[in-house]
Amino acid sequence: MSQADAAAPANAHPNKTFREAINEALHQEMERDSTVIVMGEEVAGGAGCKGSDEAYGGVFGLTKGLGPRFGRERVIDTPITESAIIGAAAGAANTGLRPIAELMFVDFIGVCFDQIFNQAAKFRYMFGGKARTPMVIRATAGAGLRAAAQHSSMLHPVLTHIPGLKVVMPSNAYDAKGLIISAIRDDDPVVFIEHKLLYETSCPVPDEAYTIPFGEAAFAREGSDATIVAMGAMVPRAIAVADKLAAEGIHCDVIDPRTTSPLDSEAILESVEVSGRLVVVDEANPRCGLAADISSIVAEHAFSALRAPIKCVTAPHTPVPFAPALEDAYMPGEDRIEAAVRAVLGGR
Amino acid sequence: MAYSKELLTSAYYTMTTIRQFEERMIKEFMAGNIPGFVHTYDGQEAVGVGVCSHLSDDDIIGSTHRGHGHCIAKGCDIELMILEIMGKAEGLCKGKGGSMHIADIDKGMLGANAIVGGGPPLCNGAALSMKTLGKPHVAVSFSGDGSSNQGTVMESLNLAGVLDLPHFFVFENNHLAEGTGDEYAVAGDIAERVRAFGIPCDKVDGTDFFAVYEAAKKAIKHCRSGKGPYGIEADVLRFDGHFIGDPQAYRGEGELDDLRANRDCLKIYRERVTGEGWMDTSALDKLDEDAAAAIEKGVQRGLAAAQPAMEELYSDVYCSY
């Protein structure tokens, strides 16, 4: 959400949750374009069973209503078969459809990674520009639901590393709707990462369809004292810290890149040129991660503007633990973000 | 005559083109004119041609690392293939794919695939497009005995069966996955595996063009009529190594000589069509010569062609860092 949207009257648009915003966008895009299909495990649910014809509508309810509205020909329940899902989506994208493949949890890229990075991501380049692969992989990600190591990872750094993939990670309902519509209309493979903790967060979201361009960061807060870059579920936490510090007269830019590939490095560099102080907050593991990547871009291109060492606030380099106390400590919290901002400000 | 003159001529011309193309690629590779890794299809021509004889540009095939024969059988331009294999700017993929990644979307050639078992999931997608868009076309995946062991292929068979996709699974069992025999590496039987998914699968002599042609005709008719996927397992062989330069230490004494003498699909074809009185030797010889001339022209063009411009390093990927 940009500052302009935040400043708009609260009643300008109805409040919708992140989940409702994406669900509405899926309905609108499937209505608009008959080549858009949805496929995945339990996207409707109940196939081959005696009960409801829409037993789930996606395990988090993101695709609810699509099956009854558009039929099972376009809302395809698949077996639990991630390589076949992603492969079919890629091949269908090459031949006239715009598939949205749901990967229930982003952790499951482990079982279908070949179809993502050796196939879909490489077609356009490897085939001399002739192949188009307009597909979206929607995946739930992130810690916070006590789902433990194999259902809680943040793998956007792994995906961002791959040329040919676009990686989108909205932090609020407004961006989620605009970005998913852009993803569906994009001619490259897009991985769309939905953080579990954001599904029930809400903000004003227009009823009509709209797009948000990839590679354009949003400034969730503005201020010249320090730059905080945060992604996904870390954005609300960074905003909370910025608002607390603002009450003390410390004003921070809070930059949400919204897409990690392409990355709006210009917005980050311009902010650091003014503030001279950078904190990068990312829930992913630290080694070769987005926080390290952004730090390196700033160190390479804006070193002389820096007035303090860069601080990265990330998860530790461990799998996600199960025990609630450990998981809470795993995720970067407001206290750690605040301490990092105060540290780059020289202890203020 | 059971087969039209046009089919008999085009089938032989395509098979001899593939054979001579591969033999020439071996020479050019050895002469240092082709970079990288190249896997040749010589010996398996009857399968690719027997299947693709039934296909139009609107039908889709997904190939393997041993893909030259499938490309030629599907109608890819051999000069542009040679340019691609030599890494030249005017190649089918601008010289950025190479032997293992030749694709020609306009011809329904969805790509050679250097990942064993990479193609069948994608062909399911092509078949899903056809089904969803209501088109009467068919997607054909080529797999070997090696890829029959990959999980992706098992998953693709299952999903094709679940969704009743018009997907024709062609297994070319050349009995060698690199240097490991199928007797060791394939537990059970490939056709039985396909049937276990409820998908009909026929075994066919892959050195007999006419046997493959008839089996493919039946399978493709099944797929086009909305009855779901079909499979064949073709018993076939390759005359050369896994890759060009492979010393083939896994071959038995006299094995290759025996295969060339007794299981050469081109010889078998010639004997059949001359024996039946469908074609005469001079007509077949003429087709050999025509194919050789076309390949020679392509090789000379390839040798003289320009490398891709440096800007191409950065093109055709959405963003570069």
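Residues numbered from 1 in each chain as written. Chains lettered and ligands numbered in written order. Predicted model: local features only at pLDDT ≥ 70, side-chain atom pairs only at ≥ 80, totals over all residues. Heavy atoms only, no water.

## Focus on the overall build of chain B
Part 1 of the argument: A count of helices and strands for chain B gives 12 helices and seven strands.
Part 2 of the argument: Over its C-alpha atoms chain B spans a radius of gyration of 19 Å, differing by no more than 12% from the 20 Å that the globule rule assigns to 321 residues.
Part 3 of the argument: Taken over the C-alpha atoms alone, chain B extends approximately 60 × 50 × 40 Å along its principal axes.
Part 4 of the argument: Long-range contacts, defined here as pairs at least 24 residues apart, represent 72% of the contacts in chain B between residues at least 6 apart.
Part 5 of the argument: Chain B carries 30 positive and 48 negative side-chain charges, and their two centres are separated by 4 Å. (Helix = DSSP H or I, 4+ residues; strand = E, 2+ residues; numbered from the N terminus. Rg over C-alpha atoms; globule rule 2.2 N^0.38 Å. Contact = heavy atoms within 4.5 Å. Lys, Arg positive; Asp, Glu negative; His and termini not counted. Charge placed at Lys NZ, Arg CZ, Asp CG, Glu CD.)

## Some words on the domain arrangement of chain A
All names here are of chain A.
Part 1 of the argument: Domain boundaries in chain A define domain 1 (15-204) and domain 2 (218-344).
Part 2 of the argument: On a C-alpha basis, the centres of domain 1 and domain 2 stand 27 Å from each other.
Part 3 of the argument: Summed over both partners, the interface of domain 1 with domain 2 comes to about 2000 Å²; 59% of that surface belongs to carbon and sulfur atoms.
Part 4 of the argument: Looking at the side of domain 1 facing domain 2, the largest losses of area belong to R146, M169 and S171, adding up to 29% of the total buried there.
Part 5 of the argument: At the junction of domain 1 and domain 2, the tally comes to 14 residue pairs in polar contact (both at pLDDT 80 or more).
Part 6 of the argument: Taken together, the elements giving at least two residues each to the side of domain 1 that touches domain 2 come down to α7 (156-160), β6 (166-168) and α8 (173-185).
Part 7 of the argument: The class makeup of the residues in the side of domain 1 that touches domain 2 is 15 nonpolar, eight polar and three charged. (Domains from an automatic or database assignment. Buried area = accessible area lost by both parts, 1.4 Å probe. Polar contact = N/O pair within 3.5 Å; in protein donor to acceptor, adjacent residues only side chain to side chain. Nonpolar A, V, L, I, M, F, W, Y, C, P; charged D, E, K, R; others polar.)

## Quick notes on unusual backbone geometry
Residue and element names in this part refer to chain A.
Part 1 of the argument: Along the chain, S261 connects to P262 via a cis peptide bond; the corresponding omega equals 0°.
Part 2 of the argument: For P262, the position within the fold is in the loop between β12 (259-261) and α10 (265-275).
Part 3 of the argument: For R146, which is not a glycine, the phi torsion comes out positive at approximately 60°.
Part 4 of the argument: Counting through the fold element by element, R146 comes out in the loop between β5 (136-141) and α7.

## Some details on the sheet that holds β6(A)
Residues and elements named next belong to chain A.
Part 1 of the argument: Taken in spatial order, the seven strands line up as β3-β2-β4-β5-β7-β6-β12 in an open sheet, and their pairing is mixed. Strands at the two margins of the open sheet, each flanked by one partner only, are β3 (75-77) and β12. Strand-to-strand twist of the sheet, defined as the mean angle between neighbouring strand axes without regard to direction, takes the value 20°. (Pairing = 2+ DSSP bridges. Axes fitted to C-alpha atoms, helices over the stretch in contact; angles between N-to-C directions.)

## Here's the deal with the interface of chain B and chain A
Part 1 of the argument: Listed per partner, the contact involves 42 residues of chain B and 44 residues of chain A.
Part 2 of the argument: Roughly 3200 Å² is buried in total at the junction of chain B and chain A, and carbon and sulfur atoms are behind 65% of that figure.
Part 3 of the argument: At the junction of chain B and chain A, the tally comes to zero salt bridges.
Part 4 of the argument: Here chain B and chain A share 14 residue pairs in polar contact (both at pLDDT 80 or more) between them.
Part 5 of the argument: Counting only elements with at least two residues in the side of chain B that touches chain A, the list comes to α5 (119-133) and α6 (151-163) of chain B.
Part 6 of the argument: Looking at which element gives the most residues to the side of chain B that touches chain A, the answer is α5(B), with 10 residues.
Part 7 of the argument: Of the residues assigned to the side of chain B that touches chain A, the class counts are 21 nonpolar, 14 polar and seven charged. (Salt bridge = Lys/Arg side-chain N within 4 Å of Asp/Glu carboxyl O.)

## Things to note about empty space enclosed by the protein
All names here are of chain A.
Part 1 of the argument: Across all of its chains, the model carries one cavity of 30 Å³ or more by this definition.
Part 2 of the argument: Along the wall of the largest cavity there are 14 residues; nearest its centre are A121, R124, G164, D188 and P189.
Part 3 of the argument: Across the lining of the largest cavity, the residue classes break down as seven nonpolar, two polar and five charged. (1 Å grid on protein atoms, 1.4 Å probe; cavity = no way out; pocket = protein on both sides within 12 Å on 5 of 7 lines; lining within 4 Å. Points joined across faces, edges and corners; volume = space filled by probe spheres on them.)

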